[in-house]
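Here's the letter readout for the chains.
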Amino acid sequence: MTESEVARVDPIKEGIFPSGTPYDFSGQRAVECENCGSPMPHDYYVAILGMWGGFRLPFGKNSTTGKVGKRSNWSFCAICGEIDALDEAAQDEIRKAARRSQ
Ligand SMILES: [Zn+2]
């Protein structure tokens, strides 16, 4: 079997993104996890978090297509659940979430 192009982590079901967050699975890349050291590929996602202009699509299909908002890039380790913020927008969201939980 070749490397799966199917996401192994559902970031909304896992509680990583809030319910209704538009996101797209953008593929897998083999990187060594900084947290658990697993050489398993990480799942990469593009998400629009926070205030986004657009409608939640019916049938549970959340996609960033056609949505206006700040896109942020994330990767998840399917083994240990380590979340990496890959760009400034994602790091921003983590800072905002940390402020909210204080
Ligand atoms: Zn890991």
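We now turn to the structure provided with this report. Predicted, not measured: the structure shown is a model, and the values here were computed from it.

Conventions used here
- Residues numbered from 1 in each chain as written.
- Predicted model: local features only at pLDDT ≥ 70, side-chain atom pairs only at ≥ 80, totals over all residues.
- Helix = DSSP H or I, 4+ residues; strand = E, 2+ residues; numbered from the N terminus.
- Buried ≥ 20, exposed ≤ 12 C-beta atoms within 10 Å, placed from the backbone.
- Contact = placed C-beta atoms within 7 Å.
- Core = buried A, V, L, I, M, F, W, Y, C linked by C-beta atoms within 7 Å.
- Pairing = 2+ DSSP bridges.
- Axes fitted to C-alpha atoms, helices over the stretch in contact; angles between N-to-C directions.
- Expected span 1.5 Å × (residues − 1).

1. Some remarks on the overall build of the protein chain
Helix and strand content of the protein chain: 1 helix and 4 strands. Walking the protein chain from its N terminus toward its C terminus, one meets helices and strands in the order β-β-β-β-α. Split into buried and exposed, the 102 residues of the protein chain put 18% on the buried side. Put simply, 48% of the contacts in the protein chain that link residues at least 6 apart link residues at least 24 apart.

2. Some points on the nonpolar core
Judged by nonpolar contacts, Phe-17, Tyr-23, Cys-33, Tyr-45, Ala-47, Ile-48, Leu-49, Trp-74, Phe-76, Cys-77 and Ala-90 together constitute the single largest core of 11 residues. If you list the elements that add at least two residues to this core, you get strand 2 (41-48) and strand 3 (71-76). Element by element, the count of residues in this core is highest for strand 2, at 3 residues. Discounting chain neighbours no more than four positions away, the residues touching Cys-77 are Cys-33, Asn-35, Cys-36, Ser-38, His-42 and Glu-82.

3. Quick word on the pairing of strand 3
Regular strands have side chains that alternate between both faces of the sheet. In this structure, strand 2 lies alongside strand 3, joined through 6 bridges in antiparallel fashion. Note that in strand 3 the partner of Asp-43 across the bridge is Phe-76. With 3 bridges connecting them, strand 3 and strand 4 (residues 83-85) associate as antiparallel partners. From the neighbouring strand, Ser-75 faces strand 4, where its bridge partner is Asp-84. Connecting the antiparallel pair strand 3 and strand 4 is a turn made up of 6 residues, with Gly-81 showing a positive phi of about 85 degrees.

4. A look at the sheet that holds strand 4
Spatial strand order, 1-2-3-4: 4 strands in an open sheet with antiparallel pairing. In this open sheet, the two strands that pair with only one neighbour each are strand 1 (23-30) and strand 4. With strand direction ignored, the average angle separating the axes of adjacent strands in the sheet is 25 degrees. The strands touched by helix 1 (residues 88-100) are strand 3 and strand 4; relative to strand 3, the strand with the most contacts, the crossing angle is about 80 degrees.

5. Remarks on the environment of Asn-73
Along the chain, Asn-73 turns up in strand 3. Looking at Asn-73, the number of C-beta atoms within 10 Å reads 16, which means it is partly exposed. Look past the residues within four positions of Asn-73 in its chain and what remains in contact with it is Val-46, Leu-86, Asp-87 and Ala-90.

6. Side note on the environment of Pro-22
By the element assignment, Pro-22 lies in the segment before strand 1. Classification of Pro-22 as buried rests on a count of 23 C-beta atoms within 10 Å. A C-alpha to C-alpha distance of 7.4 Å links Pro-22 and Leu-49, two positions 27 residues apart in sequence.

7. What to know about helix 1
With 13 residues, helix 1 extends 18 Å from end C-alpha to end C-alpha; this agrees with the ideal 18 Å at 1.5 Å per step. Counted residue by residue, helix 1 has 1 buried out of 13 residues, so it is predominantly exposed.

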